[in-house]
Each structure stands twice: as C-alpha cells, then as structure tokens.
2 protein chains.
Amino acid sequence: MARYSQSEEDYLETLYLLQQENKVARVKDVAQALDVKMPSVVAAIRSLSEKGLVEQEKYGHIELTKEGIKVGKDVYKRHQLLYAFFHEVLGLDPEVSEEDACQMEHHLSPETRERLLRIVEYTRACKDDKVHFLKRFMYFVKTGEMPEPCSGCKKC
Amino acid sequence: MARYSQSEEDYLETLYLLQQENKVARVKDVAQALDVKMPSVVAAIRSLSEKGLVEQEKYGHIELTKEGIKVGKDVYKRHQLLYAFFHEVLGLDPEVSEEDACQMEHHLSPETRERLLRIVEYTRACKDDKVHFLKRFMYFVKTGEMPEPCSGCKKC
DNA sequence: TAACAATGTTAGTTGAGCCTAACATGGTTC
DNA sequence: GAACCATGTTAGGCTCAACTAACATTGTTA
C-alpha cells in the first residue's frame, strides 16, 4: 500500500464513511464533511482518480475503487483505534479523543498501532479481571498517588 | 502561546536543541538537522524573525528569543513525553518511538498530553509497586492472555 | 594579502492544497 | 418545455514550504 498525504487520507476516509452510510458520495457531501469548498473536492477527486483510488463520472457520483476502499478503511480503523485509546484507556472526553484521533491517524506506524491495539484490548480485558488496571490508573490520575497493592484484588 | 505550523515547530525545536548543545546555531546546522537545503532555512528564519521568535545578524548566528525558547522547549517536551510513552509504556523500539514522536509531537492536545504524562508516571511508579502494570501488560502482549490475578503481588 | 573553500543569501520556480468568481449541467417546478 | 435552483466544474490566484542556480560574504591558508 503506497503512502498518501494527510489530505489524501482524509478524502479517502471521508469517502469510505459516506459510502458506508449513503451508498453514494457526492462532491457536496465531501465538501461539507471536510469543511472545504467544492472546487477543492473536485481537484482532490481528480488527483485520486489519476492514482486509481476513486472513479467519477462527470457530474455524477464518486466511488472508491478496491484500492481506495482499502486505504480509506485503513485510515478509519486507525482513527477508531486512537479514539478508543484516548477515550477508553486515557479516559479523555469524546470530543478531545475525536479531535486528537483525527490529527494523529495520519502518523501512526504499524508497530505503534499494534501496541495501541494491545493496550486497548488489555484495558478492556482488565474490566473483568481482579486486577483492574483502569481503576488503578484512574485513581492515580485523580489523587497522584499509587493505589494500594492489590486493592482491586478480591482474593487478597 | 500562539499556534505555529508543523514546520515552524520543527525549526524552533531544532534551534532549541542546537542551542542546548552548542550554544550557537548556524544555518548549516539547522539544514542538516532537518534535512533541508540552506535557502529553506534562511526563509524559515526570516519568517520566524518577523514573528519575534528568533534573532539573526546577517551572516551570523541564529538565536531564539524568550518566546522562541518557550515554544521550542515546549515542542521538545512533547516529543520527550511521546517518546517515553512509546518506549517505556508500549515497549516499542527506540527507533520507532523516536519516529512516531517526531510526527505526533505537533498534534498533541493539552488534555491528551496531561494523561500521557500520567500514564508514563504511573508506569514508572508501578515498577516499585507490587502490582506491576508493565509486567502484566507485556505478558498480555506476548501471550495474548491475561496474567493471573495478582501474579505480580507478593502479598497474595 | 590574495585566493579559495565554506557558509549564507537572493531570485526565481515548483507543487500541494486551499480559495473565489464565473460558468455548465441536470433535475424540479410552473 | 422553459425557467430556475442546486450542484458540479473550470479558470485563475494565493500561501506555504520546499527546491536549484547564481551570487555574496567570511574566514582560512598558501
């Protein structure tokens, strides 16, 4: 999978999400979603089209190619992962989590991505576990002090 | 503190680091550090100078102003924090940690920054604690399974 | 001190990605 | 079916941040 610019990734992600929701994406929708003007969308689509990522019929719908879907979906997955990490693990607001995910989704290496996924999974699993990482971490966030050892462990 | 572009932040951070090491920064050093050509540096310095962030004497040294130091240092602190998180908490290679920190340092909101700092602190504190988060997390990374409850807790 | 090498600067170009203004198309309504 | 409105497109311009080529300055060395 080739490398794409931040802007290109944003267009592909937006197109992917619009396709999921509406089945059709129009220039106007993309412009609204990305808060840019329609001519900017037209230029971006032309460029993506030349790279084989989207297909356009004049004055018609915009459709992602197979490759376009792959990239758009991948960006969105990175976004979701970052959001989950910020919101679920770090306990940040939905708004902040969303905003930072938007920015950072373009800069996530495969290695970091894998580890972030692990820590999200770990945190989720911990909720059913005796040693509840998130509880302990949030206690630390609030008080600045370490919780008692095994405070969350009913066995002790 | 006003907002600065990614490129501006990179120049200020580089100048800050060069000043820390050498006491003087020259156009050539900055160009090397950022892997750009000297005319690009000259243009960037002129722009930063107009914004009151650096001072230049023609054909001479480049110095950060008070404000420039503040911004450059702040960027570097964000970098260090991200590096620590990637390396110490997620257990990623120094190389990957460094590279991702470079990219993401420009997109870190104050809220996320605060929480990342907490999780790094928490992880560090855990090393002296009975319930060793990092050990447990790394066990999960390697095996895909949750460690035994309180496996790290000597009291149990 | 004259020449040369290293460094810094200026001028002009490029490409990405946005914009506005003007024009084109297509679907809805009288 | 003609007029109108929403949507799409083209043309042209702007800013940012890089580049090359050519020129200027400084400092070192014969």
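Residues numbered from 1 in each chain as written. Chains lettered and ligands numbered in written order. Predicted model: local features only at pLDDT ≥ 70, side-chain atom pairs only at ≥ 80, totals over all residues. Heavy atoms only, no water.

Observations concerning the protein's contact with DNA strand C
Among the 17 residues in the neighbourhood of DNA strand C, the closest are listed as Ser 5, Lys 37 and Ser 40 of chain A together with Lys 28 and Lys 58 of chain B. Of everything in DNA strand C that lies within 4 Å of the protein, sugar and phosphate atoms constitute 82%. A distance of 3.2 Å separates a phosphate oxygen of DNA strand C from a polar atom in the backbone of Tyr 59 of chain B. Going through the elements one at a time, helix 1 (6–22) and helix 3 (38–50) of chain A together with helix 2 (27–34) and helix 3 (38–50) of chain B are the ones with two or more residues in the surface near DNA strand C. A per-element tally of the surface near DNA strand C places helix 3 of chain B first, with four residues. Grouping the amino acids of the surface near DNA strand C by side-chain chemistry returns nine nonpolar, three polar and five charged. (Near = heavy atom within 4 Å. Polar contact = N/O pair within 3.5 Å; in protein donor to acceptor, adjacent residues only side chain to side chain. Helix = DSSP H or I, 4+ residues; strand = E, 2+ residues; numbered from the N terminus. Nonpolar A, V, L, I, M, F, W, Y, C, P; charged D, E, K, R; others polar.)

Some words on empty space enclosed by the protein
All chains considered together, the criterion is met by two cavities of 30 Å³ or more. Computed from the structure, the largest cavity encloses a volume of approximately 80 Å³. Around the largest cavity, the lining comprises 14 residues; the ones closest to its centre are Phe 85, Phe 86 and Met 104 of chain A together with Phe 86 and Met 104 of chain B. Breaking the lining of the largest cavity down by element, the ones donating at least two residues are helix 4 (66–89) and helix 6 (110–126) of chain A together with helix 4 (66–89) and helix 6 (110–126) of chain B. Split into classes, the residues belonging to the lining of the largest cavity amount to twelve nonpolar, two polar and no charged. Approximately 30 Å³ is the volume attributed to the second largest cavity. (1 Å grid on protein atoms, 1.4 Å probe; cavity = no way out; pocket = protein on both sides within 12 Å on 5 of 7 lines; lining within 4 Å. Points joined across faces, edges and corners; volume = space filled by probe spheres on them.)

Quick word on the packing of helix 2 of chain B against helix 3 of chain B
Residue and element names in this part refer to chain B. Closest axis-to-axis distance for the helix 2/helix 3 pair is 9 Å, and the angle between their directions is 110°. By the angle between their directions, the pair helix 2 and helix 3 is classed as roughly perpendicular. Contacts between helix 2 and helix 3 involve Val 27, Lys 28, Val 30 and Ala 31 from the former and Met 38, Val 41 and Val 42 from the latter. (Axes fitted to C-alpha atoms, helices over the stretch in contact; angles between N-to-C directions. Parallel < 35°, antiparallel > 145°, perpendicular 65-115°, else oblique. Contact = heavy atoms within 4.5 Å.)

Description of the nonpolar core
Formed by 46 residues in total, the largest nonpolar core has its most connected members in Phe 85, Leu 116 and Phe 133 of chain A together with Phe 85, Leu 116 and Phe 133 of chain B. Look past the residues within four positions of Phe 133 of chain B in its chain and what remains in contact with it is Ile 119, Tyr 122 and Phe 133 of chain A together with Val 89, Tyr 122, Thr 123 and Cys 126 of chain B. (Core = buried A, V, L, I, M, F, W, Y, C linked by side-chain atoms within 4.5 Å. Buried < 20%, exposed > 50% of the residue type's maximum accessible area, 1.4 Å probe, protein only.)

Notes on the interface of chain B and chain A
In this assembly, 38 residues from chain B lie in contact with 38 residues from chain A. The contact between chain B and chain A buries some 3600 Å² in all, and 73% of this surface belongs to carbon and sulfur atoms. For chain B, the biggest contributors to the area lost against chain A are His 107, Arg 115 and Tyr 122 of chain B; these three give 19% of the whole. Counting across the chain B and chain A interface gives zero salt bridges. The tally of links between chain B and chain A comes to eleven residue pairs in polar contact (both at pLDDT 80 or more). Where the side of chain B that touches chain A is concerned, the elements lending two or more residues are helix 4, helix 5 (94–104), helix 6 and helix 7 (133–143) of chain B. Sort the elements by how many residues they give to the side of chain B that touches chain A and helix 6 of chain B lands first, with ten residues. Looking at the side of chain B that touches chain A, its residues break down into 25 nonpolar, five polar and eight charged. (Buried area = accessible area lost by both parts, 1.4 Å probe. Salt bridge = Lys/Arg side-chain N within 4 Å of Asp/Glu carboxyl O.)

Here's the deal with the domain arrangement of chain A
All names here are of chain A. What the domain assignment lists for chain A is domain 1 (6–71) and domain 2 (73–143). Here domain 1 and domain 2 have C-alpha centroids that lie 28 Å from each other. In this complex, domain 1 contributes nine residues to the contact, which on the side of domain 2 involves ten residues. Carbon and sulfur atoms supply 48% of the area buried between domain 1 and domain 2, which totals about 860 Å² over both sides. Scanning the region where domain 1 abuts domain 2 turns up one salt bridge. (Domains from an automatic or database assignment.)

Focus on the packing of helix 1 (residues 6–22) of chain B against helix 3 of chain B
All names here are of chain B. Running from amino to carboxyl end, helix 1 crosses helix 3 at an angle of 95°, the nearest separation of the two axes being 11 Å. Between helix 1 and helix 3, the angle falls in the class roughly perpendicular. Residues Glu 8, Tyr 11, Leu 12 and Leu 15 of helix 1 lie in contact with helix 3, whose contacting residues are Ser 40, Val 41, Ala 44, Ile 45, Ser 47 and Leu 48. Taken together, the residues that form the contact of helix 1 with helix 3 break down as seven nonpolar, two polar and one charged.

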